[in-house]
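This is what each chain is made of:
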Amino acid sequence: MAKYLITGASDHGVSEAIYLDDPDKNGVELYWDRPRELWPRDGNGDIEMFTRRLDIEGLLALNTAE
């Protein structure tokens, strides 16, 4: 089993991303877009992206939920 260290993880509001390096040290981003109806918007209805810490523990808890 190959082991790759996670080099970062971010919540961008419209998506969640995990970053790692492949064996050749190329950066790889794995991301999931949230449904459009969940995207954060400002008072004018424009999309408000941001970069915050990804709640990895919360994501792992979803995987073990019954």
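Residues numbered from 1 in each chain as written. Predicted model: local features only at pLDDT ≥ 70, side-chain atom pairs only at ≥ 80, totals over all residues. Heavy atoms only, no water.

## Digging into the overall build of the protein chain
Tallying secondary structure elements over the protein chain gives one helix and four strands in all. Along its sequence from the N terminus, the protein chain presents helices and strands in the succession β-β-β-β-α. Its C-alpha radius of gyration of 14 Å places the protein chain more than 25% over the 11 Å reference for a compact globule of 66 residues. The dimensions of the protein chain, computed from C-alpha atoms along their principal axes, are 45 × 35 × 15 Å. Looking at the 66 residues of the protein chain, the share that counts as buried comes to 18%. Across the protein chain, the fraction of contacts at a sequence separation of at least 24, relative to all contacts at a separation of at least 6, is 30%. For the protein chain, the exposed surface amounts to about 5500 Å²; the carbon and sulfur share of it is 52%. On the protein chain, the mean spot of the 7 positive side-chain charges and the mean spot of the 14 negative ones are 2 Å from each other. (Helix = DSSP H or I, 4+ residues; strand = E, 2+ residues; numbered from the N terminus. Rg over C-alpha atoms; globule rule 2.2 N^0.38 Å. Buried < 20%, exposed > 50% of the residue type's maximum accessible area, 1.4 Å probe, protein only. Contact = heavy atoms within 4.5 Å. Areas by Shrake-Rupley, 256 points an atom, 1.4 Å probe, with all protein chains shown as cover. Lys, Arg positive; Asp, Glu negative; His and termini not counted. Charge placed at Lys NZ, Arg CZ, Asp CG, Glu CD.)

## Considerations on the sheet that holds strand β2 (residues 15-21)
Read from one edge to the other, the open sheet built from four strands follows the order β3-β2-β1-β4, with strand pairing classed as antiparallel. Of all strands in the sheet, those bounded by a partner on one side alone are β3 (27-33) and β4 (52-53). (Pairing = 2+ DSSP bridges.)

## What about the pairing of β3?
Here β2 runs beside β3; their pairing, made up of seven bridges, is antiparallel. Counterpart to A17 in the pairing with β3 is Y31. The hairpin formed by β2 and β3 contains five residues between the paired strands, and K25 there has a positive phi angle of roughly 70°.

## Focus on the confidence of the model for the protein chain
For the protein chain, per-residue confidence averages 92 on the pLDDT scale, and 97% of positions sit at 70 or higher. Of all secondary-structure elements in the protein chain, the lowest mean pLDDT belongs to helix α1 (residues 56-64), at 85, while β4 reaches the highest, 97. (pLDDT = per-residue confidence, 0-100.)

## Quick look at the packing of aromatic side chains
Per the stated rule, a full pass over the model turns up zero aromatic pairs. Just above the ring of F50 sits the side chain of R52; from NZ or CZ to the centre is 3.7 Å. (Phe/Tyr/Trp six-rings, centres within 6.5 Å; stacked < 30°, edge-to-face > 60°. Lys NZ or Arg CZ within 6 Å of the ring centre and 35° of its normal.)

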